[in-house]
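Below, each chain spelled out in residue letters.
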Amino acid sequence: MKLSVTYQDVEAAALRLENKAFRTPVFTSRTADQLSKAHLYFKCENYQHVGAFKFRGAFNAIACLTDEQRKAGVITYSSGNHAQAIAYASQLHQTRALIVMPKDAPQIKMAATKGYGAKIYLYDRYTEDREAIAQQLSHEQGLTLIPPYDHPDVIAGQGTAVKELIEDVGSLDYLFVPLGGGGLLAGSLLSAKHLLPNIKVIGVEPEAGNDGQQSLRKGEIVTIPAPKSIADGAVTTHLGQYNFPIIQKLVDDIITVSDPELISMMHFFAERMKMIVEPTGCLAAAAVMKKTIPIEGKKIGIVLSGGNVDLKQFALWVK
Ligand SMILES: *Cc1c(COP(=O)(O)O)cnc(C)c1O
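What you are looking at is a predicted structure, and each value in this text was computed from that prediction instead of being measured. (Residues numbered from 1 in each chain as written. Predicted model: local features only at pLDDT ≥ 70, side-chain atom pairs only at ≥ 80, totals over all residues. Heavy atoms only, no water.)

## Here's the deal with the UniProt feature "domain: Tryptophan synthase beta chain-like PALP" (unreviewed entry) in the protein chain
Thinking step 1. Per the UniProt record, "domain: Tryptophan synthase beta chain-like PALP" (unreviewed entry) is annotated on residues 22-306.
Thinking step 2. For residues 22-306, the helix share is 44%, the strand share is 17%, and the end-to-end C-alpha distance is 13 Å. (UniProt positions renumbered as here; feature names shortened; annotations may be inferred. Helix = DSSP H or I, 4+ residues; strand = E, 2+ residues; numbered from the N terminus.)

## Here's the deal with the site of the ligand
Thinking step 1. Not every one of the 15 residues close to the ligand is listed here, only the nearest: K54, N81, G180, G182 and S305.
Thinking step 2. At 2.8 Å from an oxygen atom of the ligand is found a side-chain nitrogen or oxygen belonging to N81.
Thinking step 3. One nitrogen or oxygen atom from the main chain of G182 is found 2.7 Å from an oxygen atom belonging to the ligand.
Thinking step 4. For the ligand, the protein covers 97% of the area, taking 380 Å² as the surface of the free molecule.
Thinking step 5. Its residues assigned to classes, the shell around the ligand comprises 4 nonpolar, 9 polar and 2 charged. (Near = heavy atom within 4 Å. Polar contact = N/O pair within 3.5 Å; in protein donor to acceptor, adjacent residues only side chain to side chain. Areas by Shrake-Rupley, 256 points an atom, 1.4 Å probe, with all protein chains shown as cover. Nonpolar A, V, L, I, M, F, W, Y, C, P; charged D, E, K, R; others polar.)

## Some remarks on the pattern of salt bridges
Thinking step 1. Taken as a whole and assessed by the stated rule, the structure comprises 13 salt bridges.
Thinking step 2. As a salt-bridge pair, E167 and K163 come within 2.7 Å of each other at their nearest N and O atoms. Residue E167 and its partner K163 are located together in helix α8 (residues 152-169), separated by 4 residues, close to a single helical turn.
Thinking step 3. By relative accessible area, which is 42% here, E167 ends up partly exposed. (Salt bridge = Lys/Arg side-chain N within 4 Å of Asp/Glu carboxyl O. Buried < 20%, exposed > 50% of the residue type's maximum accessible area, 1.4 Å probe, protein only.)

## Things to note about the sheet that holds strand β9 (residues 253-257)
Thinking step 1. Strand order in the open sheet formed by 6 strands is β1-β2-β10-β7-β8-β9, and the pairing between neighbours is mixed. The open sheet terminates on both sides in strands that have one partner only, identified here as β1 (26-27) and β9.
Thinking step 2. Most of the contacts of helix α10 (residues 211-218) go to β9, to which it runs at about 150°, and overall it touches β8 (200-206) and β9.
Thinking step 3. Where helix α12 (residues 259-273) meets the sheet, it contacts β1, β2 (39-44), β9 and β10 (299-304), and its direction lies at approximately 85° from that of β9. (Pairing = 2+ DSSP bridges. Contact = heavy atoms within 4.5 Å. Axes fitted to C-alpha atoms, helices over the stretch in contact; angles between N-to-C directions.)

## Some remarks on the packing of aromatic side chains
Geometrically, a pair of aromatic rings is defined through the distance of the ring centres and the angle of the planes.
Thinking step 1. Evaluated as defined, the whole model comprises 7 aromatic pairs.
Thinking step 2. Relative to Y116, the ring of Y88 lies with its centre 5.2 Å away and its plane at 45°, an arrangement referred to as tilted. Linking Y88 in helix α5 (residues 81-92) with Y116 in the loop between α6 (107-115) and β5 (119-123), this pair joins segments that are 28 residues apart in sequence.
Thinking step 3. Both rings, one in F268 and one in F269, keep their centres 6.2 Å apart while their planes meet at 70°; by these two values the pair is edge-to-face. The pair F268 / F269 is uniform in exposure class, with both members buried. (Phe/Tyr/Trp six-rings, centres within 6.5 Å; stacked < 30°, edge-to-face > 60°.)

## With respect to the pairing of β10
Thinking step 1. Summarising burial for β10: 5 of the 6 residues are buried, a large majority.
Thinking step 2. The sheet contact formed by β2 and β10 spans 6 bridges and is parallel. Among the inter-strand pairings, C44 is bridged to a residue of β10, identified as L304.
Thinking step 3. Bridging between strand β7 (residues 174-178) and β10 involves 3 bridges; their strand directions are parallel. Directly across from L175, in β10, lies its bridge partner G301.

## Concerning the packing of α5 against α6
Thinking step 1. Running from N to C, α5 and α6 point in directions that differ by 15°, and their axes come no closer than 8 Å. Put simply, α5 runs roughly parallel to α6. Relative to α6, the crossing made by α5 is left-handed. For the pair α5 and α6, the contacting residues are A83, Q84, A87 and Q91 in the first and K109, A112, T113 and G115 in the second. (Parallel < 35°, antiparallel > 145°, perpendicular 65-115°, else oblique. Left-handed = near helix turned anticlockwise from the far one by under 90°.)

## A closer look at the sheet that holds strand β3 (residues 74-77)
Thinking step 1. Judged by pairing direction, the sheet is parallel, and its 4 strands sit side by side in the order β5-β4-β3-β6 without closing on themselves. At either margin of the open sheet sits one strand with a lone partner, and together these are β5 and β6 (144-145).
Thinking step 2. In the sheet, β3 pairs with strand β4 (residues 97-102) via 4 bridges, with the strands oriented parallel. Following the sheet pairing, T76 is matched in β4 by I99.
Thinking step 3. Seen against the sheet, α5 touches β3 and β4 and runs at an angle of roughly 165° to β4.

Structural data, given as structure tokens:
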């Protein structure tokens, strides 16, 4: 089957993102290498604009609009990193953004989104459907909907992080990538398997939200009830129509980690590597440290996907 997004789309996205997204650093740690008995390369998207890789997909998707669409503005639904990414990318493109957010979203997230000049539309997540609301507003106001993970231009943009990682460190035996709705994993797979045909790529989900793992096993998109995990960027209920075929065709496996494993990883990053990584950003690293897959002596790429976390909560977790 022909995939809806290809490595050529990732390359085109990389050109659009040049001097717009940060080429984030790749860190290594002697202690992490000793603990894992492998050679680990951390791609630090916690240092990307808005603190997560989501800036890449959001910026690319807005850059791909027609002038007319850009003039009219964009809309999305998210309370997390995608909201801030769309808000900031819209500001850079001088277009307007409307973000559909639950009434009970954290104040800091609302403030950050408003700070980038976006407008917020509040809904009740217990009684209303955010996708339906966004569709309706998009229709009424002529705004283009840019969903968080199930969109070809978003997937292509997310793929640029792993393209950079491989350009910077060369050959890798394994790549571990956090998995929520699947935009990051799909884009990463396009880059990794094109540049290094023999690499093994592993998607990592929170134990409570293993819909991706179930989907891979079953051969079709499985929808689960809203999962509970501290990995708030990966508590999606299902993969997307555009990214699932890519994941199904190219991924080597999907594995899971528990919340306590994420907390111990956050603690390690703060103490040993002086970095704040949010729980979802720790998924891939925690899976490597858990050694579900034998990695001894191997060269491993790990995507640290983001660093946005409430500091009071962070302190409680790592204390
Ligand atoms: C959104 C997000 C993910 C998951 O990305 P998907 O494209 O939804 O799979 C992982 N980590 C962080 C920090 C995120 O914001």
